[in-house]
Amino acid sequence: MADLTTNYMGLELSNPIVAASSGLTGTIEGVLHCAQAGVGAIVLKSIFEEQIISEVEGLYPVDHQSLAHPEAYDYIKAYGRDHAVDRYLTLIEQSKAKTKLPIIASIHCETAGAWTEFAAKVEDVGADALELNVYLPPTQLVQSAADLERVYHDVVQVVKKTVKIPVSLKVGWHFTALAGFLSTLGQKVDALVIFNRFQRMDIDIDKVALISGSASSKESELQEILRWTSILSGRISADLAATTGIHSGAGVIKALLAGATVAQVATALYRHGFGHMSEMLNEVVDWMEAHGYNSVDEFRGILSRAKTNTPDAYERVQFMKLSVSTDPK
Ligand SMILES: Cc1cc2nc3c(=O)[nH]c(=O)nc-3n(C[C@H](O)[C@H](O)[C@H](O)COP(=O)(O)O)c2cc1C
């Protein structure tokens, strides 16, 4: 029988497929569906820094000036009335009580501010790990790369001092020297989750208005994830969670071959339902048996850049091969 067990950030998972943070993991019903479907671990829906701050308003006064986005004030007041913090802590407690799965809490943030004390509460109520989603698109004209990167370092530094549970960091890829940046961040966290899928923007030409792009990924988006997973795997100390575009067992296998420790999935579960989990797991097991692998550890990272014979030439050769080909795929 194929051994799918996976150690992710020191947590023992029955298999390497993790339910990514999404609306599906924001209620106890959703968590139970994920557990029954057979995921290896669950990342809960993120709670937002602004939600946390709004509820500790008595301790940390919230005003228009103290928010990065003043127009969010009304929403935040509504969050506060909603008792989002208490509900989130209850969701962690219930998830731990009603499943045997590792439960990873998720905090969506953009500063190393007052909210970080909340990380300790997440740990107190039993979360097995904490995923930080630092959502800072590099859109400020006056912000240098160094200033932007410092925020990420500050956030992980404060949170790692606050909690003992493993901490992962979900990041985007819009950085000037991505591998170097992630390598230094990777020394401070237990896992990197690559990559954050920033909200897409589109334009409605009839209404001449900006509209949101699709929240769902396309399978082709996985290629960029594979590239950076294979570049980083085996060369940084943190585990790697691949996310975006993993829609099938084949996608999971590719992520593992590139060197991911786990594969996080959201769109596939939205599109095909929770039953899709067993199809993905079966596809992984069938592939392992066909290729003679007994455990995922046997093939994880064998196509990573660290395992290629000539890592420095790897990318250039791929590009040269493509450039001389007359039939682009
Ligand atoms: C409806 C929806 C809600 C999401 N909410 C969150 C969230 O709260 N926090 C977060 O870190 N990621 C969130 N994500 C992103 C997913 O965790 C995941 O990284 C992304 O969808 C790419 O994976 P996929 O291709 O399997 O969908 C959300 C995704 C979707 C589709």
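In case you missed it, the structure is sitting above this.
Summary of the structure given here.

## Quick notes on the pattern of salt bridges
Argument step 1. Scanning the entire structure with this criterion turns up seven salt bridges.
Argument step 2. When the shortest N-O distance is used, the salt bridge between K96 and D128 registers 2.8 Å. On the criterion of sequence distance, the pair formed by K96 in helix α4 (residues 84-98) and D128 in the loop between α5 (118-124) and β7 (129-134) is long-range, its members being 32 residues apart.
Argument step 3. For D128, a relative accessible area of 21% corresponds to the partly exposed category.
Argument step 4. Between R227 and E224 there is a salt bridge whose closest N-O contact spans 4.0 Å. Here R227 and its partner E224 are both found in helix α8 (residues 222-232), three residues apart, which amounts to about one turn of the helix.

## A closer look at the nonpolar core
Argument step 1. The biggest cluster of nonpolar side chains holds 83 residues, and the ones touching the most others in it are L132, Y152, L169, L182 and L192.
Argument step 2. A total of seven residues in this core trace back to one element, the largest contributor, which is helix α11 (residues 276-291).
Argument step 3. With residues up to four places along the chain from it excluded, the contact list for Y152 reads V134, L136, L169, V171, F175, F181 and L185.
Argument step 4. Formed by 13 residues, the second largest nonpolar core is a distinct cluster that contains L11, L13, A129 and A241.

## Examining helix α9 (residues 249-258)
Argument step 1. Burial within α9 is extensive, with eight of its ten residues counted as buried.
Argument step 2. Every buried residue of α9 is accounted for by G249, G251, V252, I253, A255, L256, L257 and A258.
Argument step 3. In the core, the buried residues of α9 are packed alongside β3 (17-19), α8, β12 (239-243), β13 (262-265), α11 and α12 (296-299).
Argument step 4. G259 sits one or two residues past α9 and shows a positive phi near 120°.

## Looking at empty space enclosed by the protein
Argument step 1. Here the structure, examined in full by the defined rule, presents one cavity of 30 Å³ or more.
Argument step 2. Of the volumes computed, that of the largest cavity is approximately 30 Å³.
Argument step 3. If you go around the largest cavity, the residues you meet are L136, P138, L148, Y152, G172, W173, H174, F175 and F198.
Argument step 4. Along the lines of polarity and charge, the residues of the lining of the largest cavity split into seven nonpolar, two polar and no charged.

## Focus on the site of the ligand
Argument step 1. Every one of the 17 residues lining the ligand counts as a neighbour, but S21, S46, N133, S217 and T267 are closest to it.
Argument step 2. The separation between an oxygen atom of the ligand and a polar side-chain atom of T243 is 2.9 Å.
Argument step 3. Relative to its unbound accessible surface of 610 Å², the ligand loses 86% to contact with the protein.
Argument step 4. Residue composition of the shell around the ligand, by class: five nonpolar, ten polar and two charged.

## With respect to the environment of L169
Argument step 1. With respect to the element layout, L169 can be found in strand β8 (residues 167-171).
Argument step 2. Sequence spacing of L169 and A191 is 22 residues, and the spatial spacing of their C-alpha atoms is 6.4 Å.
Argument step 3. Residues within four places of L169 in sequence aside, it is in contact with L132, V134, Y152, V156, L185, V189, A191, L192 and V193.

Thresholds, definitions, all that
- Residues numbered from 1 in each chain as written.
- Predicted model: local features only at pLDDT ≥ 70, side-chain atom pairs only at ≥ 80, totals over all residues.
- Heavy atoms only, no water.
- Salt bridge = Lys/Arg side-chain N within 4 Å of Asp/Glu carboxyl O.
- Helix = DSSP H or I, 4+ residues; strand = E, 2+ residues; numbered from the N terminus.
- Buried < 20%, exposed > 50% of the residue type's maximum accessible area, 1.4 Å probe, protein only.
- Core = buried A, V, L, I, M, F, W, Y, C linked by side-chain atoms within 4.5 Å.
- Contact = heavy atoms within 4.5 Å.
- 1 Å grid on protein atoms, 1.4 Å probe; cavity = no way out; pocket = protein on both sides within 12 Å on 5 of 7 lines; lining within 4 Å.
- Points joined across faces, edges and corners; volume = space filled by probe spheres on them.
- Nonpolar A, V, L, I, M, F, W, Y, C, P; charged D, E, K, R; others polar.
- Near = heavy atom within 4 Å.
- Polar contact = N/O pair within 3.5 Å; in protein donor to acceptor, adjacent residues only side chain to side chain.
- Areas by Shrake-Rupley, 256 points an atom, 1.4 Å probe, with all protein chains shown as cover.

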